[in-house]
Amino acid sequence: MYNEYDNLSCEEQLHLTESLIRQRHNQQMFLRRNAQLLQQELELEAELLEDNPELAQTIHSLNMHEIQSNQQGLENVLGLEESASKKQSVWSKFFPGLGG
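Residues numbered from 1 in each chain as written. Predicted model: local features only at pLDDT ≥ 70, side-chain atom pairs only at ≥ 80, totals over all residues. Heavy atoms only, no water.

## Thoughts on the overall build of the protein chain
Then, number 1: When its secondary structure is counted, the protein chain shows 3 helices and 0 strands.
Then, number 2: When each of the 100 residues of the protein chain is scored for burial, the buried share is 0%.
Then, number 3: In the structure as shown, the protein chain presents an accessible area of about 9,400 Å², 57% of it carried by carbon and sulfur atoms. (Helix = DSSP H or I, 4+ residues; strand = E, 2+ residues; numbered from the N terminus. Buried < 20%, exposed > 50% of the residue type's maximum accessible area, 1.4 Å probe, protein only. Areas by Shrake-Rupley, 256 points an atom, 1.4 Å probe, with all protein chains shown as cover.)

## Some points on a negative patch on the surface
Then, number 1: A contiguous patch of negative charge, built from Glu43, Glu47, Glu50 and Asp51, is present on the exposed surface.
Then, number 2: For glutamate 43, the position within the fold is in helix α1 (residues 10-51).
Then, number 3: When its relative accessible area of 43% is taken as the criterion, glutamate 43 is described as partly exposed. (Patch = residues over 30% accessible without salt bridge, like charges linked within 9 Å, V, L, I, M, F, W, Y side chains within 5 Å. Salt bridge = Lys/Arg side-chain N within 4 Å of Asp/Glu carboxyl O. Lys, Arg positive; Asp, Glu negative; His and termini not counted. Charge placed at Lys NZ, Arg CZ, Asp CG, Glu CD.)

Following this line, the structure appears as structure tokens:
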């Protein structure tokens, strides 16, 4: 069976193998460190939310708005059209005077 390494010398194959092992090791170390940082972030976030119920409620509300926006966007992509006046009113809320 032919593979891309058949034309390489034994020394070249060894060097390539070592390089791939090093690359895989570095990737695993990066993923492990990333997982640790994410865990720390989640723990800090949990502490913050536990100490501040108002913040938790605000974040929940923002998340719900984002979910609703995503659902509306998906509905629009799937063929339900949004009126031009509705688009204009949304933009005018954020950028008054822009085509309002």
